[in-house]
Amino acid sequence: LKMETLHADGLTSEEFPSHYTAATANIQSSNVRQAIMRPQPQEGIDTLEYFIKFPKPSIEKYFALTNTNEINDDNVPIVLLLGWAGCQDRYLLKYSKIYEERGLITVRYTAPVDTLFWNRSEMVPIGEKILKLIQDMNFDDHPLIFHIFSNGGAYLYQHINLAVIKHNSPLQVRGVIFDSAPGERRMLGLYRAITAIYGRQKRCNCLTALVITITLSFMWFVEESFAAIWSLFAKSKPIYASPFCELKNETNKYPQLFLYSKGDIVIPYKDVEKFIRLRRDQGIEVSSVRFEDAEHVKIFIKYPDQYVQCVCNFIRNCMRTPTLMLESSCDPASVVNNQRLSNR
């Protein structure tokens, strides 16, 4: 396990807006009130399937601001988890419990595979709908932490940023956690991602995955080339298939934590480290933890204790005074494969 350095606002809502009328809330044996928001389809209106959990007031708030008197039910931090391509919510739920057990509100959403691969123009309205959801729930008054998984989550995060800029609707983001992301676009990585996503289907064998990979690569090349040519004649921005290209120049200055692995064959660890250097060169407070042998988006599965410690310490640091120089986000006593933590 290898680590480096790092830097962060939150929320609650008692009432749900009328156009998200299909919400259901029930009390579970765990000390968390679950509100599963599944807006019922309305004619002519596309909806998102997202999941929100609110903590009970009795749960201790571990991520207090520097002045504990400043924490109340109106500014509880919110963690927005953006899943990887093909992620099922039952997998994302395991990560949200990390925060729910510590008294934070969580929002879970994964963009459909079709919009990430085949119909990327739909990512624009999805980003705008998520921004509208945040505003309608009054979440824009709370400190917000993004927890992003793989390029699928990073691509969605990119479009939320674009929606914020387009509508001039700033959010109180305190920090961003990248898990196994971002990576540059490569055919081999895309092939492995396609295999992982569609491999569960019997009709998708290696040859089918290869055909899909080649088709997507060609389709994206044509799409981006046309957009680049069009931008010469009209004011428009090129389309990037990889969030690496867009997010490396992101103007936001809040702290970022990168959790990645040398054992990741979908997004090479060198891509993440290159991105880290680019962000650090821009003056961003960056922390990174490199694991040696965890698979893609499976760091938490293999190293649950270290993972929880890293994300919790990062958020705790983000909730402190922004001007404070922050320390490493993992306890030096936590060692993976007997490797020492070291600041780079």
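Our structure's up above, just so we're on the same page.
Residues numbered from 1 in each chain as written. Predicted model: local features only at pLDDT ≥ 70, side-chain atom pairs only at ≥ 80, totals over all residues. Heavy atoms only, no water.

(A) Quick look at the overall build of the chain. Scanning the chain from N- to C-terminus turns up ten helices and ten strands. When the 344 residues of the chain are sorted by exposure, 51% land in the buried category. A total of about 16,600 Å² of accessible surface is found on the chain, and carbon and sulfur atoms cover 53% of it. (Helix = DSSP H or I, 4+ residues; strand = E, 2+ residues; numbered from the N terminus. Buried < 20%, exposed > 50% of the residue type's maximum accessible area, 1.4 Å probe, protein only. Areas by Shrake-Rupley, 256 points an atom, 1.4 Å probe, with all protein chains shown as cover.)

(B) The arrangement of empty space enclosed by the protein in detail. For the largest cavity, the calculated volume is near 50 Å³. If you go around the largest cavity, the residues you meet are L48, Y50, L80, V107, Y109, I130, L133 and I134. Listing elements by their share of the lining of the largest cavity, those giving two or more residues are strand 6 (105-109) and helix 3 (123-136). Residues of the lining of the largest cavity, tallied by class, amount to eight nonpolar, no polar and no charged. The computed volume of the second largest cavity comes to approximately 30 Å³. What lines the second largest cavity is I78, L80, V107, L133, I134, F139 and L144. Listing elements by their share of the lining of the second largest cavity, those giving two or more residues are strand 5 (78-82) and helix 3. (1 Å grid on protein atoms, 1.4 Å probe; cavity = no way out; pocket = protein on both sides within 12 Å on 5 of 7 lines; lining within 4 Å. Points joined across faces, edges and corners; volume = space filled by probe spheres on them. Nonpolar A, V, L, I, M, F, W, Y, C, P; charged D, E, K, R; others polar.)

(C) Geometry of the nonpolar core. Membership of the largest hydrophobic core comes to 87 residues, with the highest contact counts inside it found for F146 and L259. In terms of residue count, helix 10 (residues 304-318) provides more of this core than any other element does, eight residues in total. Each residue touching L259, except ones within four places of it in the same chain, is listed here: I177, F178, D179, S180, V289, F291, I299, Y307, C310 and V311. (Core = buried A, V, L, I, M, F, W, Y, C linked by side-chain atoms within 4.5 Å. Contact = heavy atoms within 4.5 Å.)

(D) Local environment of helix 8 (residues 269-281). With 13 residues, helix 8 should cover 18 Å at 1.5 Å per step; its first-to-last C-alpha distance of 18 Å lies within 8% of that length. Of all the residues in helix 8, the buried ones are D271, V272, E273, F275, I276 and R279. Once helix 8 ends, the next one or two residues include G283, with phi positive near 85°. (Expected span 1.5 Å × (residues − 1).)

(E) Structural view of a nonpolar patch on the surface. Side chains of L207, L210, V211 and I214 sit close together on the surface and give an oily, nonpolar patch of about 370 Å² of accessible area. Relative to the helices and strands, L207 resides in helix 6 (residues 206-231). (Patch = residues over 30% accessible without salt bridge, like charges linked within 9 Å, V, L, I, M, F, W, Y side chains within 5 Å. Salt bridge = Lys/Arg side-chain N within 4 Å of Asp/Glu carboxyl O.)

(F) The packing of aromatic side chains, seen in detail. The final tally for this structure, using the stated rule, is 13 aromatic pairs. Between the aromatic rings of W84 and F149, the centroid separation amounts to 5.6 Å while the plane-to-plane angle is 65°, which identifies the pairing as edge-to-face. Remark: F149 occurs in strand 7 (residues 144-149) and W84 occurs in the loop between strand 5 and helix 1 (89-100); sequence separation between them is 65 residues. For W84, a relative accessible area of 14% puts it in the buried group. The class of F149 is buried, set by a relative accessible area of 0%. On the basis of an interplanar angle of 90° and a centroid distance of 6.2 Å, the ring pair of Y157 and F178 is categorised as edge-to-face. With a gap of 21 residues between them, Y157 in helix 4 (residues 150-167) and F178 in strand 8 (residues 173-179) connect regions that are remote in the sequence. Pair check on accessibility: Y157 and F178 agree, each one buried. Every member of this aromatic cluster is reached through a ring pair, and the members are W84, Y95, F149, F300 and Y307. (Phe/Tyr/Trp six-rings, centres within 6.5 Å; stacked < 30°, edge-to-face > 60°.)

(G) Looking closely at the state of the cysteines. Considering all chains together, one arrives at zero disulfides under this definition. Not engaged in a disulfide, the cysteine C312 finds its nearest cysteine sulfur in C310; these two sulfurs lie 9.5 Å apart. (Disulfide = S-S within 2.5 Å.)

(H) Representation of the packing of helix 1 against helix 10 in the model. Running from N to C, helix 1 and helix 10 point in directions that differ by 50°, and their axes come no closer than 11 Å. Taken together, the axis directions place helix 1 and helix 10 in an arrangement best described as oblique. As helix 1 runs across helix 10, the sense of the crossing is right-handed. Contacts from Y95, I98 and Y99 in helix 1 reach Y307, V308, V311, C312 and I315 in helix 10. Here the residues of the contact of helix 1 with helix 10 sort into eight nonpolar, no polar and no charged. (Axes fitted to C-alpha atoms, helices over the stretch in contact; angles between N-to-C directions. Parallel < 35°, antiparallel > 145°, perpendicular 65-115°, else oblique. Left-handed = near helix turned anticlockwise from the far one by under 90°.)

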